[in-house]
Amino acid sequence: MRTRRRGGLFGKYVGTFVGFAVFVLAVNGALELAFTYRETTAAVIKLESEKAEAAAARISQQIAEIERQIAWTTRASAGPEQRRADYVLLLQQVPTIDELMQIDGRGKALLRVSRFAVEATGDADYARDPRFVEAIARRLWVGPVGFRNEVDPSFTIAMAHSGQQAGVTVAEIDLRFLRDLVAPFAVGEQGYAYVLDRRGRLLAASDQLRTPRGSELGGLPQVETAAAEMAERPATDRSAVAAFGRDLAGRSVLAAAMPIPRTDWLVLVEQPLAEAFKPFYVLILRIGGLILLCIAVAVLAGVLLARRMVVPIRALAAGAEEIGAGAFDHRITVKTGDEIEALAGSFNRMAEQLDRSYTSLEQTVEERTRDLARSMRALEERGRELSIANEHKSQFFANMSHELRTPLNAVLGYAELLADGLYGELPPKAVEVLERVQANGRHLLGLINDVLDLSKIEAGQLVLAHDTYALRSVIEQVVASTESLARAKGLALTAEIADDLPLGHGDERRLTQVFLNIVGNAIKFTEQGAVVIRAGAVDGTFVVTVQDTGPGIAPEDRARVFEEFHQVDNSTTRQKGGTGLGLAIARRLVALHGGDIRLTSELGAGSTFTVVLPVHAAAPATAGSGQEADAAHAGATP
């Protein structure tokens, strides 16, 4: 047989050479990319973290400066007119302050100076206002961020005056100045910096981030990651947090977040990955181009090297193919001076030996062929003789069983007449002997019937009488016939029959014989417990199980219990009677109905015989030989 080639040596050599070169380059490129990726990521994170820390520090310093300016107006020695003058001067010097208000120690408003409203005095009550309550409690209170006109952020600083019950100064701070503070800290051409309050609203951003102030950015992945990590770490840890995420446009970004001291705000510095990792992407293209160039060089070198190696190998392969095809006079010519030339010489010597061996082999084959033909003819003749002998044996058993059964029935009939007293009263001893005659006669009649049935099946003379039958009636008849046997042994014999069984079509008498054999065996081999018969119908088939609590059957005996004249205990001292034909006949009768008998058993736990029968058996047929029934059973057994 010629082997199908899955690829030439030329291609394999070139492929191996190129593959090795590509593997080395790929590993080197992968390592370089991995190190470069780590270094680039670390560099970008370091730069962004430094920017974020610097921006946070600058914003914190600006807020501290505003607090210092406000503290200048809270001295206890200032009177009402002096306080008003201080407030006006402070508004002129600090443009980020929009409004100042004085609240006395009782929580009543005394003075309000604003850039957007007329100066006012009054006695509005702020005793429960957080600006007053928190400032009195803490001396300094920074309020949450609010938005004027939904886009202008502002927040409140409330500072308690010196002295007891001296009051509080409340300042409203315009946060638009934050834009000028974060703008210098943008990274690259597309990077940007921005500030968020604790709710994730945008307070200020560099020009590269074209998003309105007040926009909700707390749902961005990088913001959520940074907030979660800061919430888990100690309060003393004020370092920046790096996180990957996406911006509002869906671009992948790398961000560094830093909490702003003196507030609960975050400043973030972000840069799109496309810009941050541009050197890394350029390196990928460079390595890819280098790999392609090396592949081209490797292919060229591989072709040149493989061509010098493959030519003698091809000559060797062609010569070997010629020899394999039967041309034993063919010789391979290879002049390489290496192992390939030595291999060619070995092939040539082998061809010479094969040529000599082939000549002698042809003669031997002819002789063996003639011997085999004579043996086959002898075997065919022997097979015909055995077949005829088997048919004669089956016919002999059928005839002899019939001849034995006729006089035996007469003996049993006369014995029954004697037992009934038709010929006069018999003494007790004679009645006892007569009962033994009847019992042994019935046993012998059963044996003859079994042998007759088996011989009819093997001789092809058993014809099934198909008719409509009720499976319930069959089971009830079997229970009625075997109930006395079970009662005599103290066994419980029960039948569980489904109510919706359909009418079947088959040989009712033969099916009754099958179940009598199976149930009788179960009772015979069970010493205590119960025998349970269950009958139902599933998908056009009857399923009948006979379960006992007997000793069980060993695995090596389960396949042989259906053989003729076989019992589990075949010793000369066996305790149970029987011929070993009941299950063999039952199996063949079930097979003739197109069904199957299955056995499951466990030593010490009893056995279960399952009979599967089609509800409507095939048309009446004549039983074939024993071999055909066995074949039918084998085909039906899963």
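Here the residue numbering is sequential within each chain, running from 1 through the sequence in written order. The predicted nature of this model means local features are confined to residues of pLDDT at least 70 and side-chain atom pairs, given and counted, to a pLDDT of 80 or more, with totals for whole chains, interfaces and linings taken over all residues. The basis for every side-chain value is the complete set of heavy atoms in the structure, and neither hydrogens nor water enter the calculation.

Caption draft 1: Representation of the overall build of the protein. Looking only at helices and strands, one finds 14 helices and 18 strands in the protein. Burial statistics for the protein: of 638 residues in total, 39% are counted as buried. Of all intrachain contacts in the protein linking residues separated by at least 6 positions in sequence, the fraction that spans at least 24 positions is 61%. Only the protein chains shown count as cover for residues, and all accessible areas are computed by the Shrake-Rupley method using a 1.4 Å probe. Element-wise, carbon and sulfur atoms account for 56% of the exposed surface of the protein, whose accessible area totals about 35700 Å². Only DSSP runs of H or I reaching four residues or more are called helices, and only runs of E reaching two or more are called strands; each is numbered from the N terminus. Three exposure classes are used, based on accessible area relative to the maximum for each residue type with a 1.4 Å probe and protein chains only: buried under 20%, partly exposed in between, and exposed over 50%. Residues count as neighbours in contact if any of their non-hydrogen atoms are within 4.5 Å of one another.

Caption draft 2: View of the sheet that holds strand β17 (residues 596-602). Think of it this way: DSSP has to see at least two bridges between two strands before they count as a pair. One open sheet holds the 5 strands; their spatial order is β13-β15-β16-β18-β17, and the pairing between them is mixed. Each end of this open sheet is capped by a strand with a single partner; those strands are β13 (492-497) and β17. Across the sheet, the mean angle separating the axes of adjacent strands is 15° when strand polarity is ignored. As judged from the 8 bridges shared by strand β15 (residues 530-538) and strand β16 (residues 541-548), these two strands associate in the antiparallel manner. The residue of β16 that forms the bridge with R534 is T545. Working convention: axes come from line fits to C-alpha atoms, limited for helices to the stretch in contact. Angles between N-to-C directions cover 0 to 180 degrees. Those strands touched by helix α10 (residues 471-488) are β13, β15 and β16, and its axis lies near 175° from that of β13.

Caption draft 3: Broad picture of unusual backbone geometry. Phi at R139 takes a positive value of approximately 75°, unusual for a residue other than glycine. Within the fold, R139 resides in the loop between α3 (130-138) and β3 (140-142). We note that N149 has phi near 60°; this positive angle belongs to a residue other than glycine. Positionally, N149 belongs in the loop between β4 (146-148) and β5 (152-160). N149 sits in the exposed class, given a relative accessible area of 67%.

Caption draft 4: Structural detail: helix α13 (residues 582-592). Most of α13 is tucked away, with 10 of its 11 residues classed as buried. For α13, every residue scored as buried is listed here: G582, L583, A584, I585, A586, R587, R588, L589, V590 and A591. Directly after α13, the chain includes G594, whose backbone phi takes a positive value near 80°.

Caption draft 5: Quick peek at the confidence of the model for the protein. Every residue carries a pLDDT, the predictor's confidence in it, which falls somewhere between 0 and 100. Put simply, the protein has an average pLDDT of 81, and 84% of its residues get 70 or more. In this model, residues 570-574 is a region of pLDDT below 50 whose contacts with residues beyond four sequence positions or in other chains number 3 contacts.

Caption draft 6: Spotlight on the pattern of salt bridges. For salt bridges, the criterion is a side-chain nitrogen of Lys or Arg within 4 Å of an Asp or Glu carboxyl oxygen. Applying the stated criterion across every chain yields a total of 27 salt bridges. Among the ionic pairs, E99 bridges to R112, the shortest N-O distance being 2.8 Å. Of this pair, E99 sits in strand β1 (residues 97-103) while R112 sits in strand β2 (residues 109-114), and the two are 13 residues apart along the sequence. Take E99: its relative accessible area is 19%, and that puts it in the buried class. Relative accessible area serves as the criterion here: at 25%, R112 is assigned to the partly exposed category. Notably, a salt bridge pairs R213 with D152, separated by 3.2 Å at the nearest N-O pair. One end of the pair, R213, is in the loop between β8 (202-205) and α5 (221-232); the other, D152, is in strand β5, with 61 residues separating them in the sequence. Among the charged side chains, a network of salt bridges with common partners joins D98, R148, D174 and R176.

Caption draft 7: Molecular detail of the sheet that holds β8. Overall, antiparallel pairing links the 5 strands, which are arranged β8-β7-β11-β10-β9 in an open sheet. Single-partner strands in this sheet number two, and they are β8 and β9 (241-246). Geometrically, the sheet is characterised by an average inter-axis angle of 30° between neighbouring strands, direction not taken into account. Two strands pair when backbone bridges link them, and strand β10 (residues 252-259) and strand β11 (residues 266-272) are joined in this way by 7 bridges, in the antiparallel orientation. Of the residues in β11, the one forming a bridge with L254 is Q271. Contacting β7 (192-196), β9, β10 and β11, α5 crosses the sheet at an angle of about 150° to β9.

Caption draft 8: The pairing of strand β6 (residues 168-174), seen in detail. Burial of β6 is extensive: 7 of the 7 residues sit out of reach of the surface. Every second residue of β6 is oriented toward a common face, with V168, V170, E172 and D174 on one face and T169, A171 and I173 on the other, all of them buried. As paired elements, β1 and β6 share 6 bridges and run antiparallel to each other. Counted as the bridge partner of I97 is I173 from β6. Here β5 pairs with β6 via 7 bridges, running antiparallel. For S154, the partnering residue across the bridge sits in β6 and is D174.

Caption draft 9: Fine view of the pairing of β11. Buried residues dominate β11, accounting for 7 of its 7 residues. Burial of β11 is two-sided: the residues L266, L268, E270 and P272 facing one way and the residues V267, V269 and Q271 facing the other way are all buried. Of the strand pairs in this sheet, β7 and β11 are connected by 5 bridges, and their pairing is antiparallel. Residue pairing across strands places L196 opposite L266, the latter belonging to β11. The antiparallel pairing of β10 with β11 creates a hairpin that spans 6 residues between the two strands, and R262 there sits at a positive phi of about 75°.

Caption draft 10: Layout of the environment of A317. Take A317: it is sitting in helix α7 (residues 278-324). Linking A317 and I332, residues 15 residues apart in sequence, is a C-alpha distance of 9.3 Å.

Caption draft 11: Geometry of the nonpolar core. Judged by nonpolar contacts, the single largest core of 39 residues is most densely connected at L471, I475 and F515. For this core, the elements supplying multiple residues, two or more each, are α10, β13, α11 (508-525), β15, β16, α13, β17 and β18 (606-614). The dominant element in this core, judged by the number of residues it contributes, is α11, at 7 residues. In this structure L471 touches L501, F515, A535, F542 and V544, once residues within four positions along its chain are discounted. Nine residue types can take part in a nonpolar core, namely buried Ala, Val, Leu, Ile, Met, Phe, Trp, Tyr and Cys, and a core is a set of them joined through side-chain atoms within 4.5 Å. Within the second largest apolar cluster, 38 residues are counted, among which are I63, L90, L181 and V187.

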